[in-house]
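Here is what each chain is made of, one letter per residue.
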Amino acid sequence: MPNDKSFHMPSKDFKRYGYQIIDWIADYHERVEQMPVFSQVSPGEIYSKLPDHAPQQGDSFQEILKDIEKIIMPGITHWQSPNWYAFFPANTSGPSILGELLSAGLGVQGMLWATSPSCTELETRVVDWLVEMLDLPSTFKSDNTGGGVIQDSASSATLCALLAARERITGYSSNQTGCTGRLVAYASTQAHSSIEKAVKIAGIGSENLHSIGVDDQFAMLPDQLEQQVLKDKQHGLTPFFISANIGSTSSNALDPVAEIGEICRKHKMWLHVDAAMSGTAALCPEFRFIHRGLECADSYCFNPHKWMFTNFDCDVFYVKNRDALIRTFSLLPEYLRNKASESGEVFDYRDWHIQLGRRFRALKLWFVIRHYGIRGLQYHIREHVRLAQLFADWIRRSDDFTLEVEPPLNLVCFRHRGGDEINQYIMDTVNAGGKACFTHTRLNDHLVLRLSVGQTHTRENHVETVWQLIQQASRQYTSNGK
Ligand code: PLP
């Protein structure tokens, strides 16, 4: 007798709850605007509402859904609120969510071409499309020497670039015998912390990451870079890697990639370009100035999971020479051997990054690109930039506030002229009110407020509201006699 006992969810329940969850998500996106943007819970509050032990008997799905509202929602910070201006966007969209769902439904693990050819070939096609869509160098295309691959994050992309650079400079020996000699990497003082993290993980040592100074727009000074490289060489060190910013996290600074690329060429260093948020802007021809000099780069990454309506996680990482990457990461245990891989006719993306297993992330990116089309994406990116520039104009016209730097795209760095205390007060007051949220940075030794515009549903009325809230908080501070 077959044992047909099962605890699995029957198909009819899956459909019923599935429709319910889609309805719930659609409603959430409609009501999220009314919710306090930053979660108001205290540390440990959510944990303590959850039972001490896992259930012995499964719960009904209805019960589980109830707990989403009761326990989980209070601890959600609403990145999808149109009133979100903090850090950077992590925007999503209907087509992206559906692509993600389909990916989970197919349950594909795409470590090898053979473990789902569509997973690999759709990814190759979509990242090739993006080369054209952003007008990136054609060497990044798969029919050329390079290629692109989807990574979980810009942090992972940077780590892969650094490891490939380490291998290239050591003749692919440091993977075998360990790293000898002192390799040195470079980034500006404004580089994202993921660069230092990668340097640590790759065994280079954070003392061997040399920080290069910046100009008054926070862009790297190429002369200072070259002087540092020459000095390091004189001391017997081996410069091998530099990461340049296209849109630094703090202030959206744009490093001079062409000049940096020339230095890299002279000194045989790997140039990685980190365009995590800002790369998406190049969908629009008028913003492609940000990529000037990119043809010098050995690798480049940007995050559709930040500003391209594709839910986290989805970073696209390109290399000019895929052999360097594959030689760095490729290993072939017996249990992964298969005819397709051995034919040399396919990409096995497991050889392009750190982990073996991989999700079918290309689906959501494909859905997004096909749904919006290039025109639809351009429209929304232009609109975000227009709104940020409008806000910057209000700051310019205000007597009380000033821009800390000219905003090139969708991130405005500004401050009240009255000093750190009032700026801190304004940020804390607006954020505590729950109607909008933004965060800060430190530039020129000032506390500087950052308005990052990029949430899917942010419109002009939302930006007007946050400006009113900022002005109100500023008046409150003054009338409180602070
Ligand atoms: N690089 C830059 C310029 C960023 O702004 C960020 C995001 O904070 C990162 C890298 C890290 O992104 P991810 O979370 O994809 O690793």
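Above this text sits the structure in question.
Notes on the structure follow. Computed from a prediction, not measured in an experiment: that's the story for all the values here.

Over its 21 residues, helix H1 (residues 11-31) extends 30 Å from the first C-alpha to the last, a length consistent with the 30 Å expected when each residue adds 1.5 Å. Turning to H1, its buried residues are Asp13, Tyr17 and Tyr28. For H1, the angular spread of the buried residues around the axis is 35°, confining them to a single face. Structural note: H1 exposes Lys12, Tyr19 and Glu30 on the side pointing more than 90 degrees away from its buried face. Turning to H1, the residues buried within the fold contact helix H3 (61-72).

Our focus in this paragraph is unusual backbone geometry. With an omega of 10°, the peptide bond running from Phe312 to Asp313 counts as cis. Here Asp313 shows up in the loop between helix H11 (304-307) and strand E8 (315-319). With a phi close to 55°, Lys268 is a non-glycine residue in the positive phi region. Of note, Lys268 is situated in the loop between helix H10 (257-267) and strand E6 (270-274).

We now examine the environment of Lys141. Within the secondary structure layout, Lys141 lies in the loop between helix H5 (117-133) and strand E2 (147-151). In this structure, the C-alpha to C-alpha distance between Lys141 and Glu259, residues 118 residues apart in sequence, is 24 Å. Every residue in contact with Lys141, bar those within four places of it in the chain, is listed here: Asp128, Val131, Glu132, Gly146, Gly147 and Arg322.

So, about the side chain of Thr310. Secondary-structure assignment places Thr310 in the loop between H11 and E8. Classification of Thr310 by relative accessible area gives buried; the value is 0%. In terms of polar contacts, Thr310 uses its side chain to reach the backbone carbonyl oxygen of Met308, at 2.9 Å. Leave out the neighbours within four places in its chain, and Thr310 touches Asn91, Thr92, Ser96, Pro304, His305, Lys364, Leu365 and Val368.

Along strand E12 (residues 446-452), six of the seven residues are buried, which leaves the element largely enclosed by surrounding structure. Looking at chain direction, strand E10 (residues 411-416) and E12 are connected through four bridges and run antiparallel. Looking at E12, one finds that Phe414 is bridged to Leu449. Where strand E11 (residues 437-443) lies against E12, five bridges are found, and the strand directions are antiparallel. Bridge assignment links Thr441 to a residue of E12, and that residue is Val448. Between E11 and E12, which pair antiparallel and follow one another directly, the connecting turn spans two residues, one of which, Asn444, has a positive phi of 50°.

Another point: the sheet that holds E11. The strands making up a sheet associate through backbone hydrogen bonding, with each pair oriented either parallel or antiparallel. On the basis of which strands lie adjacent, the open sheet formed by five strands has the order E1-E11-E12-E10-E9 and mixed pairing. Two strands lie at the open edges of the sheet, namely strand E1 (84-85) and strand E9 (401-403), each paired on one side alone. When E9 meets E10, the two strands line up antiparallel, connected through three bridges. Bridge pairing in E10 places Phe401 opposite His416. The sheet contacts of helix H15 (residues 420-433) involve E9, E10, E11 and E12, and relative to E11 the element is tilted by about 160°.

The rules behind each value
- Residues numbered from 1 in each chain as written.
- Predicted model: local features only at pLDDT ≥ 70, side-chain atom pairs only at ≥ 80, totals over all residues.
- Heavy atoms only, no water.
- Helix = DSSP H or I, 4+ residues; strand = E, 2+ residues; numbered from the N terminus.
- Expected span 1.5 Å × (residues − 1).
- Buried < 20%, exposed > 50% of the residue type's maximum accessible area, 1.4 Å probe, protein only.
- Arc of directions from axis to C-beta.
- Contact = heavy atoms within 4.5 Å.
- Polar contact = N/O pair within 3.5 Å; in protein donor to acceptor, adjacent residues only side chain to side chain.
- Pairing = 2+ DSSP bridges.
- Axes fitted to C-alpha atoms, helices over the stretch in contact; angles between N-to-C directions.

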